[in-house]
Structure formats: C-alpha cells, structure tokens
Amino acid sequence: MLRRHLVERGISDLRVLEAMATVPRERFVGPDCRSRAYDDGPLPIGEGQTISQPYVVAWMAEAVELGREDRVLEIGTGSGYAAAVLSRIAGTVHSVERHAALAEAARDRLRALGYANVHVRQGDGTLGWSEHAPYDAIVVSAGGRRVPRPLREQLADRGRLVMPVGWGWRGQSLVRERHKGPGTFTREKLGRVRFVPLIGEAG
Ligand code: SAH
C-alpha cells in the first residue's frame, strides 16, 4: 500500500508515510472487509458511510501541513482511521461525528488501540468544537458546498483547513484554505475527490 498507492502517487512527507505504515487499517473495518483493508479504496463502515481511501487520507494529512505539537480538528470521525493517522503526526486530535453509533464505536476502538491523544464527540461538525478551539489544522472528511463559517472561525492564526468542496455527480474539489490574518483566507484547489456528504446546520 505504501509504495504502490502512496509513494508512487506523490505522497512524500515522511511523517505521513510513517503514520500510514503504523496505523492498522484492518482494525478500523468489519471482519468481512479485513482482507481488503490495504486496497486503495473506500470500504463500508455502517450507517451508509465509508472509511476513506488510504491515498486520500495520506493526501489530506500531507496537505494540511501538520507540526508535531499541532492541535487538529477533524470533522467526520467515521471509523476513526483518519483521526488515528493524524494523531501520529500532530499533538492532539479532536474529532466530531454526526452518527452516535459510529462515534461510540470509533471512541472504543481508538481507546483499545491506545490512541490516547484523540478525542471523539458525537455532534454536528459543521459547528466545529468550540471548547477546544483554536486549531492549527482542520480536516473535513465529508464534502459540502462551502466551508462552514464556524470552522473558519475556529482556525488559529496561520492555521490550515482542508475540505472537499462541491456538489453533485462530479464529486468535489479538495480545497486548502490558509488563515492569513483576521478574517482573511487564501484558497487553493488541490484536485478532484469524491466524499460522502457533510450534513449539518452550517454545511
Ligand atoms: N474519516 C473517516 C471517514 C469519514 S466518512 C474514516 O477515516 O473512517 C464521513 C463521515 O462524516 C461519516 O461518518 C459521516 O457520518 C460524517 N458526517 C457527515 N456530516 C457530518 C457532520 N455535520 N458532522 C460530523 N460528522 C459528519
């Protein structure tokens, strides 16, 4: 997986590759999907949701430019896999999941695997998690029409946000926004992706 799906497709950040090498993806999917855990594709995790494709998890982790001490917010915990990867690269990860059953399963799984710097909450991630803001990095693991305003507001000075933005059958553009000063952001489009929809009040 590392060589074929990540390095050969341009992932070069060694800390991202190391995290991808150590987080056991097979522990984040059901027993029926274990044999496919290292294929480069999404897999079902229940509630009509999917664990993201490894390449896309690595791409987002690299694009959000994590420092060792960074405080990260992830929206869309799902299985907890991306949160586990991010937690190996940054300081702490706060992750919000809309489905209670998925949030609970992810919390139990992350605890059992020893990812003590990941905190999971059930809730509407389009509103962020203001108690722990500001965040140096925000990763949105579901696609929406626009970046929710509360997420921009919870980004630290010089913070980065990565999110699939767009709607419809063509999927989304993976977008990176950088906080440049009070109320000022720059935006780059990084490429095409296809994520499940971000559903929420500010989505
Ligand atoms: N990062 C996950 C994959 C996420 S799939 C992993 O590694 O397994 C996207 C997830 O976003 C789904 O679980 C979906 O329920 C969740 N989601 C969608 N809208 C949301 C919202 N407003 N707040 C929080 N989670 C949301």
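Let me begin by describing the structure that accompanies this report. (Residues numbered from 1 in each chain as written. Predicted model: local features only at pLDDT ≥ 70, side-chain atom pairs only at ≥ 80, totals over all residues. Heavy atoms only, no water.)

### What about the nonpolar core?
Alright, step 1. Grouped together as the largest cluster of nonpolar side chains are 46 residues, with contacts concentrated most on Ile 11, Met 20, Phe 28, Leu 66, Tyr 81 and Val 85.
Alright, step 2. Look past the residues within four positions of Leu 66 in its chain and what remains in contact with it is Arg 15, Ala 61, Val 72, Leu 86, Ile 89, Ala 90, Ala 137 and Arg 160.
Alright, step 3. Formed by 16 residues, the second largest nonpolar core is a distinct cluster that contains Leu 73, Ile 75, Met 163 and Leu 198. (Core = buried A, V, L, I, M, F, W, Y, C linked by side-chain atoms within 4.5 Å. Buried < 20%, exposed > 50% of the residue type's maximum accessible area, 1.4 Å probe, protein only. Contact = heavy atoms within 4.5 Å.)

### Topic: the sheet that holds strand β8 (residues 172-181)
Alright, step 1. With respect to topology, 7 strands assemble into an open sheet ordered β5-β4-β3-β6-β7-β8-β9, the strand pairing being mixed. In the strand order of this sheet, the two ends are held by β5 (118-122) and β9 (184-193), each with one partner. Averaged over all neighbouring strand pairs, the angle between strand axes comes to 15°, with direction disregarded.
Alright, step 2. In the packing of helix α3 (residues 54-63) onto the sheet, contacts are made with β6 (135-140), β7 (155-165), β8 and β9, and the angle to β9 comes to roughly 160°.
Alright, step 3. Each of β4 (92-97) and β5 touches helix α5 (residues 100-112); the most contacted strand, β5, lies at about 160° to it. (Pairing = 2+ DSSP bridges. Helix = DSSP H or I, 4+ residues; strand = E, 2+ residues; numbered from the N terminus. Axes fitted to C-alpha atoms, helices over the stretch in contact; angles between N-to-C directions.)

### Considerations on unusual backbone geometry
Alright, step 1. Here the amide bond leading from Ala 133 into Pro 134 is cis, since omega sits at 5°, within 30 degrees of zero.
Alright, step 2. Along the chain, the position of Pro 134 falls in the loop between β5 and β6.
Alright, step 3. Even without a glycine there, the phi angle at Glu 47 is positive, about 60°.
Alright, step 4. On the secondary structure map, Glu 47 appears in the loop between β1 (43-46) and β2 (49-51).

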